[in-house]
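If you want the building blocks of each chain, they are given just below.
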Amino acid sequence: MADLLATLDAEERRRAGRFSTAEARERFVVAHGAVRRIVAECLGAPPAELQWQVGPQGKPELVGPWTGIHANLSHSGGRCLIAVSRERAVGADIQRLVPGLDVLGMARRYFPASEARDVADAAEPADAFARLWARKEAVTKAAGGRLTQVLPLLTPPGGAVEFAAGVYRVVDVEVPAGFRAAVALAGADEFRVEVNEWLP
């Protein structure tokens, strides 16, 4: 973990230091260090030299001498998902299935009526809910903006979602049992996701 910590910038180290437990600090360092290592490998850059800046829609973007890659990070329940795209803005989300969560009530409150019915009719409502929530988070993160703006929109698997004067294609991603995940890219064109496991 020390090698990953050494790649973080001053602000990331400050954020890591704010966590109240060693486990939470380690998760943060590993996730953010992994983003730096993966993006740096794509760019042929030293990981510690990468610089991010929050854009006008609240989305972190690479700035400085090393750019040309879109990347997004999500983490939940000890797992993280990092999506990288060379040409299109990207958003990623991973959700841990939470036992006892009132998924029927949340779906009725936040989702379009047809998706709320899909959750209610599903053999495993928690699974259906987590898949939909991950898609909506991924679209939000690809576009920037607020999740509350995307929650009422239909997000079919592999479908195109119109949001924030743009179109975003969202697909489900295979992840370990107990989690659901999705990736969204700017633009209506279809795309293929290549999944790799990264080990520090």
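All figures in this text were calculated on a predicted structure; none of them were measured in a lab.

1. Some remarks on the overall build of the protein chain
A count of helical and extended segments in the protein chain gives seven helices and eight strands. Taken over C-alpha atoms, the radius of gyration comes to 17 Å for the protein chain, in line with the 16 Å a tight globule of 200 residues would show. Principal-axis analysis of the C-alpha atoms gives the protein chain an extent of 50 × 35 × 30 Å. When the 200 residues of the protein chain are sorted by exposure, 42% land in the buried category. Taking the contacts inside the protein chain whose residues are at least 6 apart along the sequence as the reference set, 45% of them involve residues at least 24 apart.

2. With respect to the pattern of salt bridges
Evaluation of the coordinates by the stated rule reveals nine salt bridges. When the shortest N-O distance is used, the salt bridge between Arg-14 and Glu-11 registers 3.0 Å. One end of the pair is Arg-14 and the other is Glu-11, both in helix α2 (residues 10–17) and three residues apart, which spans about a single turn. For Arg-14, a relative accessible area of 47% gives the class partly exposed. We note a salt bridge from Glu-11 to Arg-18, for which the minimum N-O separation is 4.0 Å. Connected through shared salt-bridge partners, Asp-9, Glu-12 and Arg-36 make up one network.

3. Brief notes about the sheet that holds strand β7 (residues 166–173)
Spatially, four strands are ordered β5-β8-β7-β6 in an open sheet, and the strand pairing comes out antiparallel. Edge strands, defined here as strands with exactly one partner in the open sheet, are β5 (90–96) and β6 (160–163). In this sheet, neighbouring strand axes are inclined to one another by 25° on average, regardless of whether the strands run parallel or antiparallel. Two strands pair when backbone bridges link them, and β6 and β7 are joined in this way by four bridges, in the antiparallel orientation. When the bridges of β7 are listed, Val-161 appears paired with Tyr-168.

4. Observations regarding the side chain of Ser-76
With respect to the helices and strands, the residue Ser-76 is situated in strand β3 (residues 70–76). Overall, the relative accessible area of 17% leaves Ser-76 in the buried class. For Ser-76, the side chain forms a polar contact with the main-chain nitrogen of Arg-96, separated by 3.0 Å.

5. Quick look at the packing of aromatic side chains
For any pair of aromatic rings, geometry is given as the distance between the ring centres together with the angle between the planes. Under the counting rule described, the total for this entry stands at five aromatic pairs. Among the aromatic residues, those joined into a ring-pair cluster are Tyr-110, Phe-111, Phe-129 and Trp-133. A cation sits over an aromatic face here: Lys-136 above Phe-111, 5.0 Å from the ring centre.

6. Overview of helix α5 (residues 113–121)
If you check which residues of α5 are buried, you get Glu-115, Ala-116 and Val-119. On an axial view of α5, the arc spanned by its buried residues comes to 105°, and they lie on one face. Across α5 from its buried face, at more than 90 degrees, point the exposed residues Ala-113, Arg-117 and Asp-121. Elements that come into contact with the buried residues of α5 comprise α4 (103–110) and α6 (125–143).

7. A look at the layout of surface pockets
Looking at the largest pocket, its volume works out to about 1,300 Å³. Around the largest pocket sit 43 residues that line it, and Ile-38, Cys-80, Leu-81, Ile-82 and Asn-196 are the ones nearest its centre. Of all the secondary-structure elements, those providing two or more residues to the lining of the largest pocket are α3 (22–43), β3, β4 (79–85), β5 and β8 (179–186). Here the lining of the largest pocket takes eleven residues from α3, the largest share from any one element. Classifying every residue of the lining of the largest pocket gives 26 nonpolar, seven polar and ten charged. Of the pockets and cavities examined, the second largest pocket occupies roughly 670 Å³. Contributing to the lining of the second largest pocket are 23 residues, with Arg-15, His-32, Trp-52, Pro-60 and Leu-73 lying nearest its centre.

The rules behind the values
Residues numbered from 1 in each chain as written. Predicted model: local features only at pLDDT ≥ 70, side-chain atom pairs only at ≥ 80, totals over all residues. Heavy atoms only, no water. Helix = DSSP H or I, 4+ residues; strand = E, 2+ residues; numbered from the N terminus. Rg over C-alpha atoms; globule rule 2.2 N^0.38 Å. Buried < 20%, exposed > 50% of the residue type's maximum accessible area, 1.4 Å probe, protein only. Contact = heavy atoms within 4.5 Å. Salt bridge = Lys/Arg side-chain N within 4 Å of Asp/Glu carboxyl O. Pairing = 2+ DSSP bridges. Axes fitted to C-alpha atoms, helices over the stretch in contact; angles between N-to-C directions. Polar contact = N/O pair within 3.5 Å; in protein donor to acceptor, adjacent residues only side chain to side chain. Phe/Tyr/Trp six-rings, centres within 6.5 Å; stacked < 30°, edge-to-face > 60°. Lys NZ or Arg CZ within 6 Å of the ring centre and 35° of its normal. Arc of directions from axis to C-beta. 1 Å grid on protein atoms, 1.4 Å probe; cavity = no way out; pocket = protein on both sides within 12 Å on 5 of 7 lines; lining within 4 Å. Points joined across faces, edges and corners; volume = space filled by probe spheres on them. Nonpolar A, V, L, I, M, F, W, Y, C, P; charged D, E, K, R; others polar.

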